[in-house]
Amino acid sequence: MQPKNRPSVLTLFTSIQAGIDKHLTAGVTLGGVTYTAVSLKAVFALAMTALTAAEALHKQWTDAVAAAHTAEATALAVAELLRNYVISQFGKTATAVLGDFGMDVPKTPGPKTAKAKADGAAKGAATRKIRGSTKQVSGTMEVPVTAVTTITPLMPASATTPGTSAASTAPATPASPPKPGS
């Protein structure tokens, strides 16, 4: 007879109290303890009060945790912006100023060691093997070449001479396009 959630428990305890009022007028002994109708109802009333208070505190706590997460995320974002501002104003080497803010100096990457380069090449080869690709992929992408068709002008190329416009030398009727293969 154990309900699965708090609303069900509260409903059960309310029903038990109504049943006590309706059917139990004399005292009853349960588990070696004698209860009057009033003291028996008080057991369930106390439980309902405790559950309701716990639910309210739980909601208050979850709301406080959500507010703390939001405030923390906002503060971290502003701290990153402030760090960028301090670096832009005082430079990357202003260790004392960054230290006053409790911020670290930006790290500059050093040259790669031979071991790091070899490890990277091995990882790349393993990835290509897993993916089934045989070529090493670089930063450029291969684009397939498509056939290019040329458009031939309606007028022959000899219709215009340097220094004259095509309109002034064009014949009155348009020339027919050349036939393929001629």
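### Some remarks on the overall build of the protein
A count of helical and extended segments in the protein gives 5 helices and 2 strands. From first element to last, N terminus to C terminus, the protein shows the α and β order α-β-β-α-α-α-α. Burial statistics for the protein: of 182 residues in total, 8% are counted as buried. Relative to all contacts within the protein whose residues are 6 or more apart in sequence, the contacts with residues 24 or more apart total 30%.

### A look at the environment of Glu55
Tracing the backbone shows Glu55 in helix 2 (residues 37–90). For the pair Glu55 and Arg6, spaced 49 residues apart in sequence, the C-alpha separation works out to 8.6 Å. Here the side chain of Glu55 touches Arg6 through a polar contact of 2.4 Å, side chain to side chain.

### Points about the nonpolar core
If you look at the biggest cluster of nonpolar residues, it comprises 7 residues: Val9, Phe13, Ile20, Ala37, Leu40, Phe44 and Met48. Counting residues per element, the ones that place at least two in this core are helix 1 (6–23) and helix 2. A total of 4 residues in this core trace back to one element, the largest contributor, which is helix 2. With residues up to four places along the chain from it excluded, the contact list for Phe44 reads Phe13, Ile16, Gln17 and Ile20.

### Considerations on helix 4 (residues 114–131)
In a regular helix each residue adds 1.5 Å, so 18 residues correspond to 26 Å; helix 4 covers 26 Å between its end C-alpha atoms and thus fits that length. Positive phi appears at Gly132, one or two residues downstream of helix 4, with a value of about 85°.

### As for the packing of helix 1 against helix 2
Put simply, helix 1 and helix 2 touch, their axes get as near as 10 Å, and they point 160° apart. Considered as vectors, helix 1 and helix 2 are oriented roughly antiparallel to each other. Between helix 1 and helix 2 lies a crossing of left-handed hand. Packed against helix 1, whose contacting residues are Arg6, Val9, Leu10, Phe13, Thr14, Ile16, Gln17, Ile20 and Asp21, the element helix 2 presents Ala37, Leu40, Lys41, Phe44, Ala45, Ala47, Met48, Leu51, Thr52 and Glu55 at the interface. Among the residues forming the contact of helix 1 with helix 2, the class breakdown is 12 nonpolar, 3 polar and 4 charged.

### A word on the environment of Leu51
Looking at the element boundaries, Leu51 is found in helix 2. Between the alpha carbons of Leu51 and Leu10 there is a distance of 8.0 Å; along the sequence they are 41 residues apart.

### Here we look at the packing of aromatic side chains
Going through the model one piece at a time under the given rule, you end up with 1 aromatic pair. With centroids separated by 5.3 Å and ring planes inclined at 55°, the aromatic side chains of Phe13 and Phe44 adopt a geometry described as tilted. Placement of Phe13 in helix 1 and of Phe44 in helix 2 is noted, with a sequence separation of 31 residues between them. No difference in accessibility class separates Phe13 from Phe44, as the two residues are buried.

### Description of the pattern of salt bridges
Summed over the entire model, instances satisfying the criterion amount to 4 salt bridges. Between Arg6 and Glu55 there is a salt bridge, with its nearest N and O atoms 2.4 Å apart. Placement of the pair is Arg6 in helix 1 and Glu55 in helix 2, with a sequence separation of 49 residues. Under the relative-accessibility criterion, Glu55 is labelled partly exposed at 34%. Of the charged contacts, one joins Asp119 and Lys115 as a salt bridge, the two residues approaching to 3.0 Å between their closest N and O atoms. Placement of both Asp119 and Lys115 in helix 4 is noted, with a separation of 4 residues, approximately one turn of the helix.

Reading guide: rules and limits
- Residues numbered from 1 in each chain as written.
- Predicted model: local features only at pLDDT ≥ 70, side-chain atom pairs only at ≥ 80, totals over all residues.
- Heavy atoms only, no water.
- Helix = DSSP H or I, 4+ residues; strand = E, 2+ residues; numbered from the N terminus.
- Buried < 20%, exposed > 50% of the residue type's maximum accessible area, 1.4 Å probe, protein only.
- Contact = heavy atoms within 4.5 Å.
- Polar contact = N/O pair within 3.5 Å; in protein donor to acceptor, adjacent residues only side chain to side chain.
- Core = buried A, V, L, I, M, F, W, Y, C linked by side-chain atoms within 4.5 Å.
- Expected span 1.5 Å × (residues − 1).
- Axes fitted to C-alpha atoms, helices over the stretch in contact; angles between N-to-C directions.
- Parallel < 35°, antiparallel > 145°, perpendicular 65-115°, else oblique.
- Left-handed = near helix turned anticlockwise from the far one by under 90°.
- Nonpolar A, V, L, I, M, F, W, Y, C, P; charged D, E, K, R; others polar.
- Phe/Tyr/Trp six-rings, centres within 6.5 Å; stacked < 30°, edge-to-face > 60°.
- Salt bridge = Lys/Arg side-chain N within 4 Å of Asp/Glu carboxyl O.

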